[in-house]
Amino acid sequence: MYRIHPFCKTVLALVLACGIVGGLAACKGADVEKDKKEITDVISKTYDSAIALDDSVVDELLKQANLGDMGDMGINGKDILAAAFKNFKYKVGDIKISDDKAIASVHVSNIDLKEGLRKFEDAFGTWAKSDEGIDAFTNKDADAIGNGIRSALDTGFGDSSLETKEADVSINLIKKDGKWELENRAELFDSMVVGY
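Residues numbered from 1 in each chain as written. Predicted model: local features only at pLDDT ≥ 70, side-chain atom pairs only at ≥ 80, totals over all residues. Heavy atoms only, no water.

Enquirer: Is there a simple way to think about the pattern of salt bridges in this case?
Expert: Two side chains carrying opposite charge are able to pair once their charged atoms lie near each other. Scanning the model with the defined rule gives 10 salt bridges in all. Counted as one network, the salt bridges with shared partners bring together Glu115, Arg118 and Asp122. (Salt bridge = Lys/Arg side-chain N within 4 Å of Asp/Glu carboxyl O.)

This is the structure in structure tokens:
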């Protein structure tokens, strides 16, 4: 009967052990990469929904921006959001995972919203004092007033001289029932108002 030398047994055991450990490390690495992809998808989907002003998030966005229902003032909050976030950009960076919690670093950028809002107010004030604006307010023409607001929004938030603001923000996520989700969507929506 052929006997394996003890040294060979030791080497074989080490090779097998390394293979098992390597396999486990590869599995764990694959799980981490899968988690990071899912986290990136969750963040991207939420940002993209906000930029597109999907009905599922627009009320929350209006609340976060303190715009609420401004219909009685002739101002459509959704129009303001559309103008304010038209140039918003984001890039998901490093993701740190610890058990069922994760923190994602996201680089965000947008126009200077304070200055954009000021330019919007100036443009709307100029329009309101024009013959067209005076006629619209005198005749209580909601459509004409709405057009004046949208035009002022385009002028104010679309001004090419507006500076770009950038920031790195942290977004917290938790894993529930095997799926990653934002711990607090308001945290992500807050990050869209860069430097405000």
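Still more ground to cover, so stick around.
Enquirer: How do you make sense of the packing of helix α4 (residues 113-129) against helix α5 (residues 131-138) when you look at a structure like this?
Expert: Geometry of a packed helix pair, given as the angle between the helix axes and the separation of the axes. Relative orientation of the contacting elements α4 and α5 amounts to 75°, with a least axis distance of 4 Å. Our classification of the angle between α4 and α5 gives roughly perpendicular. In this structure, α4 contributes Phe124, Trp127, Ala128 and Lys129 to the contact, and α5 contributes Asp131, Glu132, Gly133, Ile134, Ala136 and Phe137. The residue inventory of the contact of α4 with α5, partitioned by class, reads six nonpolar, one polar and three charged. (Axes fitted to C-alpha atoms, helices over the stretch in contact; angles between N-to-C directions. Helix = DSSP H or I, 4+ residues; strand = E, 2+ residues; numbered from the N terminus. Parallel < 35°, antiparallel > 145°, perpendicular 65-115°, else oblique. Contact = heavy atoms within 4.5 Å. Nonpolar A, V, L, I, M, F, W, Y, C, P; charged D, E, K, R; others polar.)

Enquirer: What exactly am I supposed to notice about the side chain of Ser109 here?
Expert: Along the chain, Ser109 turns up in strand β2 (residues 101-111). Of the residues examined, Ser109 reaches a relative accessible area of 12% and is grouped as buried. Beyond its immediate chain neighbours, meaning those up to four positions away, Ser109 contacts Asn87, Phe88, Lys89, Thr164, Lys165, Glu166 and Val194. (Buried < 20%, exposed > 50% of the residue type's maximum accessible area, 1.4 Å probe, protein only.)

Enquirer: Looking at this model, I keep getting lost on the packing of aromatic side chains. Mind explaining?
Expert: A ring pair, where both rings are aromatic, is described by two values, the distance of the centres and the angle of the planes. The tally for this structure, following the rule as stated, stands at eight aromatic pairs. When the centroid spacing of 6.5 Å and the interplanar angle of 25° are considered together, the rings of Phe88 and Tyr90 count as stacked. Residue Phe88 is classed as buried on the basis of its relative accessible area of 5%. Summarising the aromatic geometry, the rings of Phe124 and Trp127 are spaced 5.7 Å apart at their centres and angled 25° between planes, so their arrangement reads as stacked. Of this pair, Phe124 and Trp127 both sit in helix α4, separated by three residues, roughly a single helical turn. Each residue in the set Phe120, Phe124, Trp127, Phe137 and Phe157 is aromatic and connected to the rest through ring pairs, giving one cluster. (Phe/Tyr/Trp six-rings, centres within 6.5 Å; stacked < 30°, edge-to-face > 60°.)

Enquirer: Before we go on, may I ask you to explain α4 in this structure?
Expert: The periodicity of an α-helix, 3.6 residues per turn, causes residues three or four places apart in sequence to face the same way. Under the 1.5 Å per step criterion, the end-to-end length of α4 is 24 Å for 17 residues, consistent within 8% with the ideal 24 Å. Regarding α4, the residues found buried are Leu113, Gly116, Lys119, Phe120, Ala123 and Trp127. When α4 is viewed along its axis, its buried side chains cluster within an angular range of 120° and face the same direction. Residues of α4 that are exposed and point more than 90 degrees away from the buried face comprise Thr126 and Lys129. At its buried positions, α4 is contacted by α3 (77-84), β2, α5 and α6 (142-157). N-cap assignment for α4: the residue whose side-chain oxygen lies 3.2 Å from the backbone N of Lys114 is Asp112. (Expected span 1.5 Å × (residues − 1). Arc of directions from axis to C-beta. Polar contact = N/O pair within 3.5 Å; in protein donor to acceptor, adjacent residues only side chain to side chain.)

Enquirer: I keep staring at the layout of surface pockets and nothing clicks. Help me out?
Expert: Gaps left between atoms are located by rolling a probe of water-molecule size over the structure's atoms. The volume enclosed by the second largest pocket comes to roughly 160 Å³. Around the second largest pocket sit Val42, Lys45, Thr46, Ser49, Ser56, Val57, Glu181, Leu182 and Arg185, which together line it. Those elements that provide at least two residues to the lining of the second largest pocket are α1 (6-51), α2 (55-64) and β4 (179-182). A per-element tally of the lining of the second largest pocket places α1 first, with four residues. Here the lining of the second largest pocket is built from residues that sort into three nonpolar, three polar and three charged. (1 Å grid on protein atoms, 1.4 Å probe; cavity = no way out; pocket = protein on both sides within 12 Å on 5 of 7 lines; lining within 4 Å. Points joined across faces, edges and corners; volume = space filled by probe spheres on them.)

Enquirer: I would appreciate a short explanation of unusual backbone geometry in the present structure.
Expert: Most peptide bonds adopt trans geometry, and most residues besides glycine take a negative phi value. At Asp99, a position not held by glycine, the phi torsion is positive, near 60°. Along the chain, Asp99 falls in the loop between β1 (89-98) and β2. Although it is not a glycine, Lys140 sits at a positive phi angle of roughly 50°. By the secondary structure assignment, Lys140 is in the loop between α5 and α6. Of the residues examined, Lys140 reaches a relative accessible area of 74% and is grouped as exposed.

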